Amino acid sequence: MSTVTTLPLGDLHASLADPLLDAMTFLNEVTERYPDALSFAPGRPHEGFFEPEDVHAYLDTYLTHLAERGLSGSAVRTALFQYGPTKGIVADLVARTLANDEGLEVAPEALVLTVGAQEGMLLVLRALCATAEDVLLVSSPCYVGVTGAARLLDLATVPVPEGPGGGPDPAAVRAAARAVRASGRRPRALYVVPDFANPSGTSMPVAARTGLLEAAAEEGLLVIEDNPYGFFSRDPDEQPGERPTLKALDRRRQVVHLGSFAKTCFPGARLGYVVADQQVVAPDGRTTLLADELAKLKSMTTVNTPALSQAVIGGMLLHHDCRLRAANAPARAHYAANLAVLLRELERHFPAAERARLGVSWNEPEGGFFAVLDVPFTADEAAMERCAREHGVLWTPMAPFYPAGGGERRLRLSISALSAQQIGTGVARLADFVRAAAG
């Protein structure tokens, strides 16, 4: 009689037992268990800007573009239905968009189109970190996607605390890199989200960006810049270039830039990109771009990014004349208004005297989707579930975002998927829970 195969968890990859992976799974599950709770948890875009018929229109726009370029009907069919180039089919349009929106002059061949920014992280980390001695420095608190990717690849991470102004302090970067080197390992790269970071919502001051690049250069570090929220400033008068990306300031080709169309277009396309214009020199003297090397890795994972996703996003770029910053003006206004409502409602429900009595505080981000609330109790998964069950509101514990521990009494609030009225109701419910939990 045959028996069913069982697999001891200890025989599988160690990442599967890592609490980091469990934390995100729990968040999805608890949201499903409390569907009526107002949720400050997800960082997904507001759905009011999406219309199903737009997908067909954007696809038609891209197909028309191919025909206007002189492609035959047969060639258009192949481009849409077949496996395509590993580096992607819309790199030229993405390069035009980066030039218009960020002032980035990027050669299309330096781009790799990926299945979301998450695939880009995996490819970049796999390429850069060659041995067990290679270490990734990460800004702390840090987006769990990159620390999770490092865990899957058995790569060590070392946290660099955020400075008081936002982003990793250059002195702390130098100290972390030197400590890693003193331990006999090699600090390879620094991961950072300079604009409205997930989870903290903080942004690096413009002056600090040059200092960070100088510190990284002195320590022989590449900088991995992740930029999903850069368009969404609260300042309605902010102009392109006022808050330059690290890549726009890069004069040494030391920055590998990760981008995503999840927030600026829509996440269902699962389309991201990597700008990897660094030269790679082979032992025989042959040179390639890092983008070409990333493509080799991609050919062994997702093979190529779906042409349908690229075609729809390509059509969307064309529809907006490859100017997504302007196209996102309504979304930017929506998120800025929502963040203003959140901060106003926190102020209303936690007057200064009560804040002092309870030990409650929060940051005031300059834009993006997130703010962080400091509370006088352990803001863990059990507390979040109790809040959902008894008060009808969800949030995200901050502790999983701290690679070396910390954040136990902090929670993240996201404003992106809610209406202003829902935010007001949610903050009132959250305030009731905070008072109850504080005793």
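In short, a report on the structure. The structure displayed is predicted, hence computed values, not measured ones. (Residues numbered from 1 in each chain as written. Predicted model: local features only at pLDDT ≥ 70, side-chain atom pairs only at ≥ 80, totals over all residues. Heavy atoms only, no water.)

So, about the overall build of the protein. Helix and strand content of the protein: 16 helices and 15 strands. Compactness check: the protein gives a C-alpha radius of gyration of 22 Å against a globular reference of 22 Å for 439 residues, within 12% of the reference. The dimensions of the protein, computed from C-alpha atoms along their principal axes, are 70 × 70 × 55 Å. By the burial criterion, 52% of the 439 residues in the protein qualify as buried. Across the protein, contacts joining residues at least 24 apart in sequence account for 74% of those joining residues at least 6 apart. For the protein, the accessible area works out to roughly 19100 Å², and carbon and sulfur atoms hold 54% of it. On the protein, the mean spot of the 40 positive side-chain charges and the mean spot of the 51 negative ones are 2 Å from each other. (Helix = DSSP H or I, 4+ residues; strand = E, 2+ residues; numbered from the N terminus. Rg over C-alpha atoms; globule rule 2.2 N^0.38 Å. Buried < 20%, exposed > 50% of the residue type's maximum accessible area, 1.4 Å probe, protein only. Contact = heavy atoms within 4.5 Å. Areas by Shrake-Rupley, 256 points an atom, 1.4 Å probe, with all protein chains shown as cover. Lys, Arg positive; Asp, Glu negative; His and termini not counted. Charge placed at Lys NZ, Arg CZ, Asp CG, Glu CD.)

Before going further, it helps to spend a moment on a negative patch on the surface. Together, Asp22, Glu29, Glu32, Asp380 and Glu381 give the surface a local cluster of negative charge. A total of 3 residues in the negative patch trace back to one element, the largest contributor, which is helix H1 (residues 19-33). With respect to the helices and strands, the residue Glu381 is situated in helix H15 (residues 381-391). (Patch = residues over 30% accessible without salt bridge, like charges linked within 9 Å, V, L, I, M, F, W, Y side chains within 5 Å. Salt bridge = Lys/Arg side-chain N within 4 Å of Asp/Glu carboxyl O.)

Moving on, we come to the sheet that holds strand E11 (residues 361-362). The sheet built from 4 strands is open, its strands ordered E11-E12-E15-E14 with antiparallel pairing. Of all the strands in the sheet, the pair left with one neighbour each is E11 and strand E14 (396-397). Looking at chain direction, E14 and strand E15 (residues 410-414) are connected through 2 bridges and run antiparallel. Within E15, the position partnered with Pro397 by the bridge is Leu411. (Pairing = 2+ DSSP bridges.)

Scanning all chains against the criterion turns up 26 salt bridges. For Arg151, the salt bridge goes to Asp18, with nearest N and O atoms at 3.0 Å. Of this pair, Arg151 sits in helix H6 (residues 144-152) while Asp18 sits in the segment before H1, and the two are 133 residues apart along the sequence. The class for Arg151 is partly exposed, based on a relative accessible area of 25%. For Asp18, a relative accessible area of 17% puts it in the buried group. One salt bridge connects Lys247 with Asp277, and the closest N-O pair in it is separated by 2.8 Å. You can see Lys247 sitting in helix H9 (residues 246-249) and its partner Asp277 sitting in the loop between strand E8 (271-275) and strand E9 (279-281), a full 30 residues away along the chain. Residue Lys247 is classed as buried on the basis of its relative accessible area of 5%. Exposure remark for Asp277: the relative accessible area of 16% places this residue in the buried category.

The next point concerns the packing of H1 against H15. Between H1 and H15, the shortest axis-to-axis distance is 11 Å and the interhelical angle comes to 10°. Comparing their axes, H15 and H1 come out roughly parallel. Within the contact between the two elements, H1 uses Asp22, Ala23, Phe26, Leu27, Val30 and Arg33 and H15 uses Glu381, Met384 and Glu385. Partitioned by chemical class, the residues of the contact of H1 with H15 number 5 nonpolar, no polar and 4 charged. (Axes fitted to C-alpha atoms, helices over the stretch in contact; angles between N-to-C directions. Parallel < 35°, antiparallel > 145°, perpendicular 65-115°, else oblique. Nonpolar A, V, L, I, M, F, W, Y, C, P; charged D, E, K, R; others polar.)

Strands sit in the order E2-E8-E7-E6-E5-E3-E4 across an open sheet of 7 strands; the sheet is mixed. Unpaired on one side and paired on the other, strand E2 (111-115) and strand E4 (156-161) mark the two borders of the sheet. Adjacent strand axes in the sheet meet at a mean angle of 25° when their direction is disregarded. For E2 and E8, the ladder comprises 5 bridges, and the chain directions are antiparallel. The partner of Val115 across the bridge, within E8, is Leu271. Each of E2, strand E3 (134-140), strand E5 (186-192), strand E6 (222-226), strand E7 (255-260) and E8 touches helix H5 (residues 116-128); the most contacted strand, E2, lies at about 120° to it.

Let us look at the nonpolar core. Among the nonpolar cores identified, the biggest contains 107 residues, and Tyr191, Leu342 and Trp395 are the most heavily contacted of them. Setting aside residues no more than four positions away along its own chain, Tyr191 makes contact with Met121, Leu136, Leu137, Val138, Ser139, Cys142, Tyr143, Val146, Ile224, Asp226 and Leu258. (Core = buried A, V, L, I, M, F, W, Y, C linked by side-chain atoms within 4.5 Å.)

What follows concerns the side chain of Arg188. With respect to the element layout, Arg188 can be found in strand E5. Lacking a salt bridge, the buried Arg188 has Asp134 as its closest oppositely charged neighbour, with an N-O distance of 4.6 Å. Among the polar contacts listed, one links the side chain of Arg188 to the backbone oxygen of Leu128, at a separation of 2.8 Å. The contacts of Arg188, once residues within four sequence positions are left out, are Leu128, Cys129, Asp134, Val135, Gly220, Leu221 and Leu222. (Polar contact = N/O pair within 3.5 Å; in protein donor to acceptor, adjacent residues only side chain to side chain.)

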